[in-house]
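# Observations on the model geometry
Below are the chains, spelled out letter by letter.
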Amino acid sequence: MPSFAGQGMCSGLRDAVNLAWKLELVLDGRADEDILDSYGPERAEHVRHFIHASMALGEVICLADRDAAAERDRTMQADLAAGIEQPPRPLPRLGAGLRRDDAGGGLLSIQAEVDGGARQGLFDDVVGPGGVLLLADPRLCERLRPQDTALLADLGWKVVALDAVPGEEQVVDTTGAYAAWLAQLDAVAVLIRPDFYVYGTAADAEDLTALLHHLDDALHAPTSLAG
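Because the structure is predicted, anything quoted here is derived from the model rather than measured.

### Section: the environment of Leu140
- Counting through the fold element by element, Leu140 comes out in the loop between β3 (132-135) and α5 (146-155).
- In this structure the C-alpha to C-alpha distance between Leu140 and Asp204, which are 64 residues apart in sequence, comes to 9.2 Å.
- The contact partners of Leu140, leaving out residues within four places of it in the chain, are Leu135, Val188, Ala205 and Leu208.

### Describing the confidence of the model for the protein
- Residues of the protein with pLDDT of at least 70 account for 94%, and the chain-wide mean is 90.
- Within the model, pLDDT remains below 50 along residues 222-227, and this stretch shows 16 contacts once partners closer than five positions in the same chain are excluded.

### A closer look at the pattern of salt bridges
- On inspection of all chains with the given rule, the structure shows 13 salt bridges.
- A salt bridge links Glu24 to Arg30, with the nearest nitrogen and oxygen atoms 4.0 Å apart.
- Look at Glu24 and you get partly exposed, because its relative accessible area is 46%.
- Residue classification places Arg30 among the buried positions, given a relative accessible area of 15%.
- Ionic pairing is found between Asp73 and Arg72, a salt bridge with its closest N-O pair at 3.0 Å.

### Observations regarding the packing of α5 against helix α7 (residues 205-220)
- Two elements in contact, α5 and α7, have axes separated by 10 Å at closest approach and are oriented at 50 degrees. On the basis of the axis angle, α5 is oblique to α7. The two elements α5 and α7 cross, and the hand of that crossing is left-handed. Along its contact with α5, which presents Asp148, Leu151, Leu152 and Leu155, the element α7 presents Leu212, Leu215, Asp216 and Leu219.

### Overview of α5
- Of the positions making up α5, those classed as buried are Asp148, Leu151, Leu152 and Leu155. Seen end-on, α5 carries its buried residues on one side only, within an arc spanning 90 degrees. Opposite its buried face, α5 presents the exposed residues Pro146 and Ala153, each directed more than 90 degrees away.
- Residues of α5 that are buried sit in contact with α1 (8-27), β3, β4 (158-162), β6 (189-192) and α7.
- In the segment just after α5, Gly156 is the residue with positive phi, at about 80 degrees.

### What to know about empty space enclosed by the protein
- Summed over the entire model, instances satisfying the criterion amount to 1 cavity of 30 Å³ or more.
- Taken as a whole, the largest cavity holds about 60 Å³ of empty space.
- Along its surface, the largest cavity is lined by Ser109, Phe123, Asp124, Val127, Gly128, Gly130, Val132, Ile192, Arg193 and Phe196.
- With 3 residues, the top contributor of residues to the lining of the largest cavity is helix α4 (residues 123-127).
- Among the residues forming the lining of the largest cavity, the class breakdown is 5 nonpolar, 3 polar and 2 charged.

### A look at the pairing of strand β7 (residues 198-202)
- Counted residue by residue, β7 has 5 buried out of 5 residues, so it is predominantly covered.
- Here β6 runs beside β7; their pairing, made up of 4 bridges, is antiparallel. Note that in β7 the partner of Ala189 across the bridge is Ala202.
- Turn length for the β6-β7 hairpin, with the two strands adjacent in sequence and antiparallel, is 5 residues, and the turn residue Phe196 shows positive phi of about 75 degrees.

### Quick look at the nonpolar core
- If you look at the biggest cluster of nonpolar residues, it comprises 27 residues, and the most contacted ones within it are Leu133, Leu135, Leu191, Leu208 and Leu215.
- Per-element tally for this core: the top contributor is α7, with 7 residues.
- Every residue in contact with Leu135, bar those within four places of it in the chain, is listed here: Leu140, Cys141, Val159, Val160, Ala161, Leu162, Val188, Ala189 and Leu208.

### Considering the packing of aromatic side chains
- Evaluation of the coordinates by the stated rule reveals 3 aromatic pairs.
- When the centroid spacing of 5.1 Å and the interplanar angle of 40 degrees are considered together, the rings of Phe123 and Tyr178 count as tilted. Linking Phe123 in helix α4 with Tyr178 in helix α6 (residues 177-184), this pair joins segments that are 55 residues apart in sequence. In terms of burial, Phe123 and Tyr178 fall into one category: buried.

Quick notes on the rules
Residues numbered from 1 in each chain as written. Predicted model: local features only at pLDDT ≥ 70, side-chain atom pairs only at ≥ 80, totals over all residues. Heavy atoms only, no water. Helix = DSSP H or I, 4+ residues; strand = E, 2+ residues; numbered from the N terminus. Contact = heavy atoms within 4.5 Å. pLDDT = per-residue confidence, 0-100. Salt bridge = Lys/Arg side-chain N within 4 Å of Asp/Glu carboxyl O. Buried < 20%, exposed > 50% of the residue type's maximum accessible area, 1.4 Å probe, protein only. Axes fitted to C-alpha atoms, helices over the stretch in contact; angles between N-to-C directions. Parallel < 35°, antiparallel > 145°, perpendicular 65-115°, else oblique. Left-handed = near helix turned anticlockwise from the far one by under 90°. Arc of directions from axis to C-beta. 1 Å grid on protein atoms, 1.4 Å probe; cavity = no way out; pocket = protein on both sides within 12 Å on 5 of 7 lines; lining within 4 Å. Points joined across faces, edges and corners; volume = space filled by probe spheres on them. Nonpolar A, V, L, I, M, F, W, Y, C, P; charged D, E, K, R; others polar. Pairing = 2+ DSSP bridges. Core = buried A, V, L, I, M, F, W, Y, C linked by side-chain atoms within 4.5 Å. Phe/Tyr/Trp six-rings, centres within 6.5 Å; stacked < 30°, edge-to-face > 60°.

Next comes the structure, spelled out in structure tokens:
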């Protein structure tokens, strides 16, 4: 990993967390051991983005030719004076693996402030570790089938709904960041893995059922991992 973006250790941490939650499920007998085969394809595709980005930075930083470096500096200073900013790079996505292939599957979830009633702060600090099914509306809880709630409970994944009033399994989206994120994904629900990457999204209540069915199949039928 080139050093220019500081992503070597970050990628190693992502590798470790990717494996950790899957190993826990396998060792506890809650998932087929073949889910570990998802590690390589997921992480290889994701880290390739940062390798290429680091190499591109190195090509800009490590110019040995004085004239080329001077031209680089002039161009960057002119852009800065004109208020020109580089467009943001597209978000890297995990490769095919233990996720659904939809608008959010494989993307990193966001982190923003929420109010949980007894505690206010960043979502992960308020909700705690582990997987999360994040719902745009608490009424969607009523659409979860008993087998869905049983699956999530067995995995130790929480169901959290956005609401105007904080409470048990409900948080207030104090900054509006989660409402905006769900709207961007055109989703009423987002299933977030314990490593903070999105397993998949649901466009409506019917799709929510399909999403959780997909998770159940993926954990116990490894041949479905690519889908």
